[in-house]
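The chain contents come next:
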Amino acid sequence: MFSERIDRLQGSLVREILAVASQPDMISFAGGLPAPEAMPKLDFDGLPANLSQYGPSEGEKWLREAVAAEMSRNGVPVTADNILILTGSQQGLDLSAKLFVDHGTPVLVEAPTFLAAVQCFGLYGARFVEVGLTPHGPDLDELERKIVGEKPRFAYLIPTFQNPSGVCYDEATRRRVAELFDQHNVVLLEDEPYRELVYDDCDRAPICARLEKAPWVHFGTFSKTAIPGLRVAYLACDERLMPHFYKLKQAADLHTNRQGQWAMHKLLTSAEYPAHIARLREFYHQKRDIMAAALDRHFHDLADWTIPPGGLFFWLKLRADIDSYGLLQPALDRKVAFMPGKPFYANPRVSNELRLNFSHASPDKIEEGVKTLAEVIRAHL
């Protein structure tokens, strides 16, 4: 009755947890939800009436030009012709899977990695090749060994404030990754949803800007800096790939909502936008430090972690050798939600790690939630 890929279809644990976490008395550290008070107020005054009609599949030219200008300022010299507007950056993962993945195709990913990428690539039959992370980025010796031995069709990387680990690749790692991809002609899928949420000095230069020969795709989104409900995002790519992405976008949903594109263009090109980003960074910086202090108080003997220089997450490794997945229901029973480590690995394994989001909960709820979660863990040691 169904296609053979339905046997590989997996649900998203984070979406299932968010359904529970939406209860008013629940403290949620689970999803990557922006704080409502940090979102900009969008002004739809002056919305052109013609945007109610069907639009171009590649996205509105004025938004693509604004995105291209922003990427060029960040070191990736592109034009509007290199930009495709997406219905959420996760659509870019789906289009990429359709373009590159057959059943059994080797796909290189970080370990851990973004769970929705695993869900998407796995649906199309990817065979995952994992590379472990260090505090500076992927283990470069392992990366080279697996590129040579496994010959992945592409590598999916999150170099800046990696989800879930919070790792930001340093300059030497970015340079070496680019060299390896050029040398072995590996396609780079570079996902950067958190790059603007920076709190400490670190290298954020896109790896795709360093490539000389290897094909590349760069994903960006406005969900973390503006309004996630608009589902306006984009990909930039090597000119060799754009004709394929354009046709895949046509086949997927024809085009991204035009009113949302207009609202994002208005915000992105406004004189207020730089000040909005600065306020956003300060707001989340404070929340990060509040959670760091709460972890020092309540988790000092339970787990190890590093303070992320940006993004929205702490990644904790429990000192006890226990499955963090088994702690989820007891925590939910105490009205605290978090993400266990297991779903972030492409190849299934037991994990004693957990991801905590600090952007959504209020400061007093961060303290209460971290304290409660520590009590849950102690009760199961």
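Whatever comes next refers back to the structure up there.
So, here's what we can say about the structure. The structure presented is a predicted model; accordingly, all values stated were derived computationally and were not measured.

Counting along an α-helix, one turn takes 3.6 residues, and residues three or four places apart therefore face a common direction. The terminal C-alpha atoms of helix 11 (residues 363-379) lie 25 Å apart, and with 17 residues this matches the ideal 24 Å at 1.5 Å per residue to within 8%. The complete set of buried residues in helix 11 reads Ile366, Gly369, Val370, Thr372, Leu373, Ala374, Val376 and Ile377. Where the residues of helix 11 are buried, they touch strand 1 (27-28), helix 9 (273-298), strand 11 (313-318), helix 10 (328-333), strand 12 (336-337) and strand 14 (353-357).

For the rest of this paragraph, the subject is the side chain of Ser359. Note on placement: Ser359 falls in the loop between strand 14 and helix 11. Among the polar contacts listed, one links the side chain of Ser359 to the side chain of Asn357, at a separation of 2.9 Å.

Glancing now at the packing of aromatic side chains. The full count for this structure, using the stated rule, is 10 aromatic pairs. Between Phe100 and Phe154 the ring centres are 5.7 Å apart and the planes differ by 55°, which places this aromatic pair in the tilted class. You can see Phe100 sitting in helix 3 (residues 89-100) and its partner Phe154 sitting in strand 6 (residues 154-157), a full 54 residues away along the chain. Phe154 sits in the buried class, given a relative accessible area of 0%. Seen in terms of ring centroids, Phe121 and Tyr156 are 5.6 Å apart; in terms of plane orientation they differ by 75°. Their pairing is edge-to-face. Remark: Tyr156 occurs in strand 6 and Phe121 occurs in helix 4 (residues 115-123); sequence separation between them is 35 residues. The structure contains a cluster of three or more aromatic residues connected by ring pairs, namely Phe100, Phe121, Phe154 and Tyr156. Over the ring of Tyr325 we find Lys342, and its NZ or CZ is 5.9 Å from the ring centre. The residue whose ring lies beneath Arg355 is Phe313, and the NZ or CZ to ring-centre distance is 3.9 Å.

Next up on the list: the packing of helix 3 against helix 4. Where helix 3 contacts helix 4, the axes come no closer than 9 Å and their chain directions differ by 30°. By the angle class used here, helix 3 and helix 4 are roughly parallel. Relative to helix 4, helix 3 is oriented so that their crossing is right-handed. Note on element contacts: helix 4 touches helix 3 through Ala116, Ala117, Gln119, Cys120 and Phe121, opposite Gln90, Leu93, Asp94 and Ala97. Across the contact of helix 3 with helix 4, the residue classes tally to six nonpolar, two polar and one charged.

Let us now look at the nonpolar core. Of all hydrophobic cores here, the largest spans 51 residues; its most connected members are Phe29, Tyr284, Met291, Phe299, Leu356 and Leu373. When residues of this core are traced back to their parent elements, those giving at least two are helix 1 (13-21), helix 9, strand 11, helix 10, strand 12, strand 14 and helix 11. Apart from residues lying up to four places away in sequence, Leu356 is in contact with Phe29, Met291, Leu295, Leu312, Phe313, Phe314, Leu316, Phe338 and Leu373. In terms of nonpolar packing, the next biggest core, distinct from the first, is built from 41 residues, Ile207, Leu211, Tyr234 and Ile277 among them.

What follows is about the sheet that holds strand 3 (residues 106-111). With respect to topology, eight strands assemble into an open sheet ordered 2-9-8-7-6-3-4-5, the strand pairing being mixed. Two strands bound the open sheet, and with one partner strand each, they are strand 2 (83-87) and strand 5 (137-138). Sheet topology note: the strand 3/strand 4 (residues 127-134) ladder contains six bridges and is parallel. Looking at the pairing, Pro106 lines up with Arg127 of strand 4. Where helix 3 meets the sheet, it contacts strand 2, strand 6, strand 7 (187-191), strand 8 (216-221) and strand 9 (232-237), and its direction lies at approximately 110° from that of strand 2.

Turning our eyes to something else, we now look at the pattern of salt bridges. The final tally for this structure, using the stated rule, is 28 salt bridges. Two residues, Glu196 and Arg281, come together in a salt bridge whose shortest N-O distance is 2.8 Å. Residue Glu196 is found in the loop between strand 7 and strand 8, and its partner Arg281 is found in helix 9; the two are separated by 85 residues along the sequence. Relative accessible area serves as the criterion here: at 23%, Arg281 is assigned to the partly exposed category. A salt bridge links Asp301 to Arg378; the nearest nitrogen and oxygen atoms lie 3.0 Å apart. Of this pair, Asp301 sits in the loop between helix 9 and strand 10 (303-304) while Arg378 sits in helix 11, placing them 77 residues apart in sequence. Judged by relative accessible area, which is 39%, Asp301 ranks as partly exposed. Members of the salt-bridge network, linked through shared partners, are Glu171, Arg175, Asp203 and Arg210.

The rules behind the values
Residues numbered from 1 in each chain as written. Predicted model: local features only at pLDDT ≥ 70, side-chain atom pairs only at ≥ 80, totals over all residues. Heavy atoms only, no water. Helix = DSSP H or I, 4+ residues; strand = E, 2+ residues; numbered from the N terminus. Expected span 1.5 Å × (residues − 1). Buried < 20%, exposed > 50% of the residue type's maximum accessible area, 1.4 Å probe, protein only. Contact = heavy atoms within 4.5 Å. Polar contact = N/O pair within 3.5 Å; in protein donor to acceptor, adjacent residues only side chain to side chain. Phe/Tyr/Trp six-rings, centres within 6.5 Å; stacked < 30°, edge-to-face > 60°. Lys NZ or Arg CZ within 6 Å of the ring centre and 35° of its normal. Axes fitted to C-alpha atoms, helices over the stretch in contact; angles between N-to-C directions. Parallel < 35°, antiparallel > 145°, perpendicular 65-115°, else oblique. Left-handed = near helix turned anticlockwise from the far one by under 90°. Nonpolar A, V, L, I, M, F, W, Y, C, P; charged D, E, K, R; others polar. Core = buried A, V, L, I, M, F, W, Y, C linked by side-chain atoms within 4.5 Å. Pairing = 2+ DSSP bridges. Salt bridge = Lys/Arg side-chain N within 4 Å of Asp/Glu carboxyl O.

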